[in-house]
Amino acid sequence: MNEKWNRSFSELIRRSRPAYWGNWALNAQVQPGAIGIVDPHSGDFRLVAESLPNLKVKRLPVSNSWQLLSENVSRTEAKADISGEVTDPDTGVKGEAGVEVSWSMSQVGSIASEFSLREEAYLEELTQVEKNQAWLAQQAAGVGFGGNGEIAQGFGVITGVLYANSGLNVGSQSKDSAFAIAGRASAVHEMLGGATAKGSFTSVRKAKSIDKHLWPDHANTVASGPVPIAYTFASFEGKLLIPNWVSKIGGFEIFFNSKVGTTYIVAVDLSYKVGDKTHSESFEISGGLSRTVGNIPLNATDIKVRARFKAFNSDIYERSWARPLGQWLTGQRHIDLSGVWPGATHFSVREEPQGGG
């Protein structure tokens, strides 16, 4: 599979589910507890071992429909003539009105993803991964992702999977492409977002080059079972477990940006713990300047930031992160500072909701 599809799909998913990788090609090996390697450039999963020992999985039903459309994609529905000859593969009923759902894609690389969601399955506890670390290190060493009891980033365990009853992933490989499915109205609607596993289609139509993955993968059939469409993954840095791994990170970084035009000087105090030892740093930053604090170890905890806007009545803002590993998915935080004296001051963390910590 061209690696750009799964990468683009993952980026689209992360607009609402930041910790997820996409499963563009509907790879059936993507299962909770599966052990393998994730390519950080594509998100493709390569299986190394079927499952963690003594695996315990929870399953949470979901009934939402899934619809992700990239920019430059338009979706339309229209009545379709299916001539009353199409038979419902489940009930044997003929003659229902037909519908055609089509996606027009004006740009190369455009994506349409629509599914009928079924459930989310995930490991009961991440301690299942930690308890098997020595065994996982042996598996990693066997495929060149570890040695001396340590594991390299990219090797790990699938911790959660989002399953669908049916649906499709479609991508445009040329400009002004189009793809459509047609069939009984109820069956097509079920396939793309219904609550049952009875979705199906009777025909497909495409214009120009399309990369497509449908479930069910044949016309006039219903899906044989649920299909994995996205997943979460835990990896390691040496012996340190990284929950929700989405990219290689060497350490934590915090970028402070005092916006152009800001007239306040801001005094910043930063601290964090590594084991029992506290590390701290203090500095001042003025308008139009920036400062980066990097190389904070991945095993750091209790990261705290205190920003004081220096004035007669100083405004003070504080943020803290008890366990950033697994929360800071890219290993970074960007903090914006602004304000014009004597007006209001502003402190915000780009990766978090305004006012969030």
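Residues numbered from 1 in each chain as written. Predicted model: local features only at pLDDT ≥ 70, side-chain atom pairs only at ≥ 80, totals over all residues. Heavy atoms only, no water.

A closer look at the sheet that holds strand S18 (residues 266-274)
Paired through their backbone hydrogen bonds, the strands of a sheet run either parallel or antiparallel. Sheet architecture is open: four strands sit in the order S19-S18-S21-S22, paired in antiparallel fashion. Each having just a single partner strand, strand S19 (277-285) and strand S22 (315-321) make up the two edges of the open sheet. Taking each pair of neighbouring strands and ignoring which way they run, the sheet shows an average axis angle of 10 degrees. (Pairing = 2+ DSSP bridges. Helix = DSSP H or I, 4+ residues; strand = E, 2+ residues; numbered from the N terminus. Axes fitted to C-alpha atoms, helices over the stretch in contact; angles between N-to-C directions.)

Structural notes on unusual backbone geometry
With an omega of 5 degrees, the peptide bond running from Trp215 to Pro216 counts as cis. Mapped onto the elements, Pro216 comes out in the loop between strand S14 (210-215) and strand S15 (227-237). A positive phi angle, close to 50 degrees, is found at Asp302, a residue other than glycine. Counting through the fold element by element, Asp302 comes out in strand S21 (residues 301-309).

Side note on the sheet that holds strand S7 (residues 98-105)
The antiparallel open sheet is built from four strands, whose spatial order is S6-S7-S12-S13. What marks the edges here is a single partner per strand, and that holds for strand S6 (73-80) and strand S13 (203-207). Here the average twist between neighbouring strands, direction ignored, is 15 degrees. Together, S6, S7 and strand S12 (177-184) form the strand contacts of helix H4 (residues 185-193), whose direction differs from that of S12 by roughly 125 degrees. (Contact = heavy atoms within 4.5 Å.)

Structural notes on the pairing of S21
Examined bridge by bridge, S18 and S21 share seven bridges and lie antiparallel to one another. Residue pairing for S21: Val266 is matched across the bridge by Phe309. Pairing geometry for S21 and S22, over seven bridges, is antiparallel. Within the sheet, the bridge partner assigned to Val305 lies in S22 and is Arg319. If you look at the hairpin formed by S21 and S22, you'll find five residues sitting between the two strands.

Digging into helix H3 (residues 133-142)
The set of residues buried in H3 consists of Gln133, Leu136, Ala137 and Ala140. In an axial view of H3, the angular spread of the buried residues amounts to 105 degrees, which keeps them on one side of the axis. In this structure, H3 carries Ala134, Gln138 and Gly142 as exposed residues pointing more than 90 degrees from its buried face. After H3 finishes, the residue Gly144 shows a positive phi value of roughly 80 degrees. (Buried < 20%, exposed > 50% of the residue type's maximum accessible area, 1.4 Å probe, protein only. Arc of directions from axis to C-beta.)

Section: the pattern of salt bridges
Per the stated rule, a full pass over the model turns up 12 salt bridges. For Glu119, the salt bridge goes to Arg59, with nearest N and O atoms at 2.9 Å. With a gap of 60 residues between them, Glu119 in strand S8 (residues 111-123) and Arg59 in strand S4 (residues 57-61) connect regions that are remote in the sequence. Classification of Glu119 as buried rests on a relative accessible area of 16%. Residues Arg333 and Glu352 are paired through a salt bridge, measuring 2.8 Å at the closest nitrogen-oxygen approach. Here the residue Arg333 occupies a position in strand S23 (residues 332-339), and Glu352 occupies one in the segment after strand S24 (345-349), the gap between them amounting to 19 residues. An identical accessibility class is assigned to Arg333 and Glu352; each is buried. Ionic contacts of the salt-bridge type, sharing partners, join the residues Arg75, Glu77 and Glu114 into one network. (Salt bridge = Lys/Arg side-chain N within 4 Å of Asp/Glu carboxyl O.)

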